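An overview of the molecular structure
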Amino acid sequence: MSTPGDSDELPQGVRLTAIDEAFRLDPYPILESLREQAPVLEDRELGRFICTRHDDVKALLHDKAFYTDPRKANPGTFSREIIGRTLGAGDNPSMLLMDEPEHRRLRSLVSAPFKPHAIERWRTHIRGIVEATLDRIEGDEFDLIGQFAGPVPTVVIAEMLGVDPDRHEQFKQWSDLMVQVGFNPFPTEEQSRVGEEAGLALEKYLLELIAAGADEPGEDLLGDMLRAEVEGEKLTPLEIVAQCRLLLVAGNVTTTDLIGNGVKALLEHPEQLRKLREKPELIGNAVEEMLRYDSPVTNSGRIPNRDISIGGCPVAAGSSLSTSLAAANRDPAVYPNPDVFDIEREDTHHQSFGGGRHLCLGAHLARIEAQEAILGLLRRYPGLEQSDRGFVYHAIPSFRGMSEFWVRSGEAGRASPAQ
Ligand code: HEM
């Protein structure tokens, strides 16, 4: 039986999270060498096993007997000590950290509005939000994240929840601050304090909205959650708040990162950009390739319910498994020329939305937002290019994306709004 690789063998300073600068700037060469040399790596520092081969990642994500509830992990593991402290795992956890049967109950109460046909109804509205956001951009040079990719998903989810337009900005701030601690294994004291305050402020606001809609639920997501009933059971106000927090934390930065990473990939591959401009109908496939090529979520966790062996390496029940979605998506055993960005790639299936019971609930929403946002942006800026002011990758562990990405309209300038 082979033994897992050991984190002591890693190049010095590589902690395999976005906190590490080398990993943040370009995780792919590091992940490639792991996949080749230590596809199951024991990361002793953080108490977890990191898996990088596509087939292992897929099988682990889909194992329905595995847990995600951190309380079921062994003491001293990443899941128990770190995830357990973050991600709202306390008295009122979100479904991401729940196991059956509670997970199934919550997910079925929240899932109807996220089904593809229900989300498709939002497409025209999302297009309107994209156009309005583009209208507000001033100047020939702008930060694509701050002025476009950041606001679009927040406004979409805020409108879906029925948040007043004059609270949208505040809403974005709360969700950004919560993400700083929600997915960060090493928050500073200041980040923890500010994140907690933001969480409480959001909770207070949502409870007010829920109370206001309790008698006559509106035709929005909050209304759907208030009405939802499975086998005579309804969500309590605090359960609704926990799911809303998850929607914000899980849905905003990820979609911003998808739009940002996707536009960056296009600008770095002018022949792909040209192809998409000529054939906008390729957008569906292009967004799938963007998700594969530069996944906004790099890792997802599982806790095995039994002693297992991964590719011949023994892993004990209750260990913390971190599946590297980013590495799986570039496994040459599955994808020919995995480092090539090709919007016409035939097989663009990927692991970026996870899999199995916890498969991303917002996958279709994220897809539609990215499709509409990228097409709208390219239409409005026929000569869009990177500006010399460059970009900055954010340091949120398990996420990959930028906090700043400067672009300019180029010689072609700015087209008038789509009718
Ligand atoms: C590009 C954007 C997004 C990416 C890459 C992404 C990725 C993920 C991943 C990797 C998971 C964990 C899956 C697993 O462990 O098997 C997840 C779960 C989840 N995501 Fe997303 N997500 C995105 C957008 C969204 C949006 C827009 C929403 C909703 C507004 C959302 C809501 C959720 C929820 C509720 C879960 C937990 C599902 C469960 O535990 O059953 N996500 N997402």
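Residues numbered from 1 in each chain as written. Predicted model: local features only at pLDDT ≥ 70, side-chain atom pairs only at ≥ 80, totals over all residues. Heavy atoms only, no water.

**Observations concerning the overall build of the protein**
Cut-off, in case you're wondering: A run of H or I in DSSP becomes a helix once it reaches four residues, and a run of E becomes a strand once it reaches two; helices and strands are each numbered from the N terminus. With C-alpha atoms as the basis for the radius of gyration, the globule rule is written as 2.2 Å multiplied by the number of residues raised to the power 0.38. When checking whether two residues touch, look at their non-hydrogen atoms; a contact exists if any pair is within 4.5 Å. Surface accessibility follows the Shrake-Rupley procedure with a 1.4 Å probe radius. Residue values consider only the protein chains on display as shielding.
A count of helices and strands for the protein gives 17 helices and ten strands. For 419 residues, the compact-globule estimate of 2.2 N^0.38 gives 22 Å, and the protein sits close to it at 21 Å. In terms of overall dimensions, the protein has C-alpha extents of about 65 × 55 × 40 Å along its principal axes. Residue pairs at least 24 apart in sequence account for 72% of intrachain contacts in the protein once pairs closer than 6 positions are excluded. With an accessible surface of roughly 18,200 Å², the protein has 50% of that area assigned to carbon and sulfur atoms.

**A closer look at the coordination of the iron atom of the ligand**
The criterion, for reference: Distances define the donors: N, O and S atoms within 2.8 Å of the metal qualify, as do those within 3.2 Å of Na, K or Ca. Water is excluded, so some sites may look unfinished.
Counting protein donors to the iron atom of the ligand gives just one, Cys360 (SG), placed at 2.3 Å. Considering the arrangement of structural elements, one finds cysteine 360 in the loop between α16 (325-328) and α17 (363-380).

**Quick look at the site of the ligand**
Counted only if it meets this: Near is defined per residue: the residue qualifies when any heavy atom it owns lies within 4 Å of the molecule or strand. A 3.5 Å cut-off defines polar contacts: any pair of N or O atoms within that distance qualifies, except that in protein one atom must be a possible hydrogen donor and the other a possible acceptor, and neighbouring residues in sequence count only when both atoms are side-chain atoms. Lys, Arg, Asp and Glu make up the charged group, whereas Ala, Val, Leu, Ile, Met, Phe, Trp, Tyr, Cys and Pro make up the nonpolar group; the residues left over, Gly among them, are polar.
Not every one of the 30 residues close to the ligand is listed here, only the nearest: His103, Arg107, Ser300, His358 and Cys360. Between the ligand and the protein, one listed contact pairs an oxygen atom with a side-chain N or O atom of histidine 103 at 2.7 Å. A distance of 2.7 Å separates an oxygen atom of the ligand from a polar side-chain atom of histidine 358. Secondary structure elements with two or more residues in the shell around the ligand: α5 (102-110), α13 (237-268), β5 (299-302) and α17. In terms of residues, the shell around the ligand owes the most to one element, α13, which gives seven residues. Along the lines of polarity and charge, the residues of the shell around the ligand split into 17 nonpolar, ten polar and three charged.

**Points about helix α3 (residues 54-62)**
Cut-off, in case you're wondering: Here's how the labels work: a residue is buried when its accessible area is under 20% of the maximum for its type, exposed when over 50%, partly exposed in between, all with a 1.4 Å probe on protein chains only. By construction, the arc corresponds to the directions joining the helix axis to the C-beta atoms.
What α3 keeps buried is the set His54, Asp56, Val57, Leu60 and Leu61. For α3, the angular spread of the buried residues around the axis is 165°, confining them to a single face. Within α3, the exposed residues directed more than 90 degrees away from the buried face are Asp55 and Ala59. Lining the buried residues of α3 we find β3 (48-51), β5, β6 (308-310), β8 (321-324) and α16.

**A short note on the pattern of salt bridges**
The cut-off we apply is this: Any Lys or Arg side-chain nitrogen found within 4 Å of a carboxyl oxygen on Asp or Glu counts as a salt bridge.
Under the definition given, this model contains 31 salt bridges. Linking aspartate 224 and arginine 227 is a salt bridge whose minimum nitrogen-to-oxygen distance equals 3.2 Å. Taken together, the residues span about one helical turn, with aspartate 224 and arginine 227 both in helix α12 (residues 221-227) at a distance of three residues. For aspartate 224, a relative accessible area of 30% puts it in the partly exposed group. A salt bridge links arginine 292 to glutamate 289, with the shortest nitrogen-to-oxygen separation between them at 2.8 Å. Of this pair, arginine 292 and glutamate 289 both sit in helix α15 (residues 283-293), three residues apart, which is roughly one turn of that helix.

**With respect to the environment of glutamate 81**
One can find glutamate 81 in helix α4 (residues 78-83). Judged by its relative accessible area of 36%, glutamate 81 is partly exposed. Sequence-distant contacts of glutamate 81, defined by excluding residues within four places in its chain, comprise Pro75 and Gly76.

**A word on the pairing of strand β2 (residues 40-43)**
Filter applied, for reference: In short, DSSP must find at least two bridges between two strands for them to pair.
Judged from the four bridges that link them, β2 and β3 form a sheet pairing that is antiparallel. When the sheet's bridge partners are listed, valine 40 is paired in β3 with cysteine 51.

**Things to note about the packing of helix α7 (residues 123-136) against helix α9 (residues 151-161)**
The condition that has to hold: Between N-to-C directions, angles cover 0 to 180 degrees, with each direction set by a line fitted to C-alpha atoms, over the stretch in contact for helices. Under this scheme an angle from 65 to 115 degrees is roughly perpendicular, one under 35 degrees roughly parallel, and one over 145 degrees roughly antiparallel; angles in between are oblique. Two helices that cross are described as forming a left-handed crossing if the nearer one is turned anticlockwise from the farther one by less than a right angle, and a right-handed crossing if clockwise.
The geometry of α7 relative to α9 is characterised by a closest axis approach of 10 Å and an angle of 135° between their N-to-C directions. The angle between the axes of α7 and α9 places the two elements in the oblique class. As for the relative orientation of α7 and α9, their crossing is right-handed in sense. Across the interface between the two elements, His125, Ile126, Ile129, Val130 and Thr133 of α7 pack against Pro151, Val152, Val155, Val156 and Glu159 of α9.

**As for the packing of aromatic side chains**
Counted only if it meets this: Within 6.5 Å between ring centres, the rings of Phe, Tyr and Trp (the latter by its six-membered ring) count as paired, and their orientation is classed by plane angle as stacked under 30 degrees, edge-to-face over 60, tilted in between.
Overall, the coordinates contain six aromatic pairs when judged by the stated rule. Measuring from ring centre to ring centre gives 6.5 Å for phenylalanine 171 and tryptophan 174, while their planes differ by 65°; the resulting arrangement is edge-to-face. Pair noted here: phenylalanine 171 and tryptophan 174 are both in helix α10 (residues 168-182), with a separation of three residues, about one helical turn. Judged by relative accessible area, phenylalanine 171 falls into the buried class, the value being 0%. Classification of tryptophan 174 by relative accessible area gives buried; the value is 7%.

**Things to note about the packing of α9 against α13**
The interhelical angle for the contact between α9 and α13, taken along N-to-C directions, is 155°, at an axis separation of 9 Å. As far as their axial angle goes, α13 and α9 are roughly antiparallel. As α9 packs across α13, the resulting crossing turns out to be right-handed. Contact with α9, carried on its side by Pro153, Thr154, Ile157 and Leu161, involves Cys244, Leu247, Leu248, Gly251, Asn252, Thr255 and Thr256 of α13 and no other residues of that element. Tallied by class, residues from the contact of α9 with α13 come to six nonpolar, five polar and no charged.

**Quick look at the environment of valine 407**
Here valine 407 lies in strand β10 (residues 402-408). Taking the C-alpha atoms as reference points, valine 407 and proline 237, 170 residues apart in sequence, are found 42 Å from one another. When sequence neighbours within four positions are dropped, the list of residues in contact with valine 407 reads Asp140, Glu141, Phe142, Leu144, Leu267, Leu384, Glu385, Gln386 and Ser387.

**As for the state of the cysteines**
The condition is simple: Cysteine sulfur atoms are paired as a disulfide whenever they fall within 2.5 Å.
Across all of its chains, the model carries zero disulfides by this definition. Here cysteine 313 stays unpaired: no disulfide links it, and the sulfur of cysteine 51, its closest cysteine neighbor, is 8.8 Å away. Given the relative accessible area of 5%, cysteine 313 is considered buried.

**Describing the sheet that holds strand β4 (residues 141-143)**
Where strands meet in a sheet, backbone hydrogen bonds hold them as pairs that are either parallel or antiparallel. With respect to topology, three strands assemble into an open sheet ordered β4-β10-β9, the strand pairing being antiparallel. Because the sheet does not close on itself, it has two edges, and the strands there are β4 and β9 (385-393). The mean inter-strand angle of the sheet, taken between neighbouring strand axes irrespective of direction, is 10°. As paired strands, β4 and β10 are joined by three bridges and run antiparallel to one another. Following the sheet pairing, phenylalanine 142 is matched in β10 by valine 407. Where α13 meets the sheet, it contacts β9 and β10, and its direction lies at approximately 40° from that of β10.

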